[in-house]
Amino acid sequence: MKISQYCYFSVRSTSLSAADMTARLRMQPDKALVMGSRSPARVLPRFHAWQIVCRSDESVDDQLHHLMDRLEPIRAELVSLCADDDVSPVMQVVRLFGDPEGVDAVPDDTAWDQGQERPRPLGWHLSLRVLDFLLSTRAELDVDEYDSSDDKDDR
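As the structure is a prediction and not an experimental result, all values here were calculated from the model.

Comments concerning the pattern of salt bridges
Thinking step 1. Taken as a whole and judged by the stated rule, the model has six salt bridges.
Thinking step 2. Note that Asp69 is salt-bridged to Arg129, the shortest N-O span being 2.8 Å. With Asp69 in helix α2 (residues 60-71) and Arg129 in helix α4 (residues 128-137), the pair connects residues that are 60 residues apart, well separated along the chain.
Thinking step 3. Salt bridges sharing common partners tie together Glu72, Arg75 and Asp132.

This is the structure we're talking about:
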């Protein structure tokens, strides 16, 4: 089965705009959301958001560490911003099973060339570095997993 996955860190607020968050953090986001920009009548999205994203074929562990490398220089600013009661930080992990564009989950007995890194799309863990960051910023961890395979018989 092929799997694709990506991670992002998001700071959400209903009162602070993404531009305000950018000014306080002194770092441009990879993606910004504006509350109500898609549907003013239904207020979608329901919040403003400032996001740093990592999309790659690497394991979730590695993607989270790439995010940490980018976020660590502004950690003090993030801690200060995330202390606001109207700010909701979240570390998001998204995994899509059965994605034809994804990476194969290889069996353990597959032969690999010496020095070649083995894709690890299945298991993952949170290192102490990531846990400490989540705690210091009061961030929640949200993991979404979806089955996008065409196999309807395995329900």
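What follows picks up the thread again.
Here's the deal with the pairing of strand β4 (residues 87-97)
Each regular strand displays side chains that alternate between the two surfaces of the sheet.
Thinking step 1. Most of β4 is tucked away: nine of the 11 residues are buried.
Thinking step 2. By the bridge criterion, 11 bridges tie strand β1 (residues 2-13) to β4 in an arrangement that is antiparallel. Bridge pairing links Val11 to Pro89 in β4.
Thinking step 3. Bridging between β4 and strand β6 (residues 140-147) involves eight bridges; their strand directions are parallel. Each residue of the ladder has a partner; that of Val94, found in β6, is Asp144.

Description of the environment of Ser17
Thinking step 1. Structurally, Ser17 is set in the loop between β1 and α1 (18-25).
Thinking step 2. Sequence-wise, Ser17 and Ala32 are 15 residues apart; in three dimensions their C-alpha atoms are separated by 9.1 Å.
Thinking step 3. Within the structure, the side chain of Ser17 is placed 3.0 Å from the backbone nitrogen of Asp20, a separation counted as a polar contact.

So, how was this worked out
Residues numbered from 1 in each chain as written. Predicted model: local features only at pLDDT ≥ 70, side-chain atom pairs only at ≥ 80, totals over all residues. Heavy atoms only, no water. Salt bridge = Lys/Arg side-chain N within 4 Å of Asp/Glu carboxyl O. Helix = DSSP H or I, 4+ residues; strand = E, 2+ residues; numbered from the N terminus. Buried < 20%, exposed > 50% of the residue type's maximum accessible area, 1.4 Å probe, protein only. Pairing = 2+ DSSP bridges. Polar contact = N/O pair within 3.5 Å; in protein donor to acceptor, adjacent residues only side chain to side chain.

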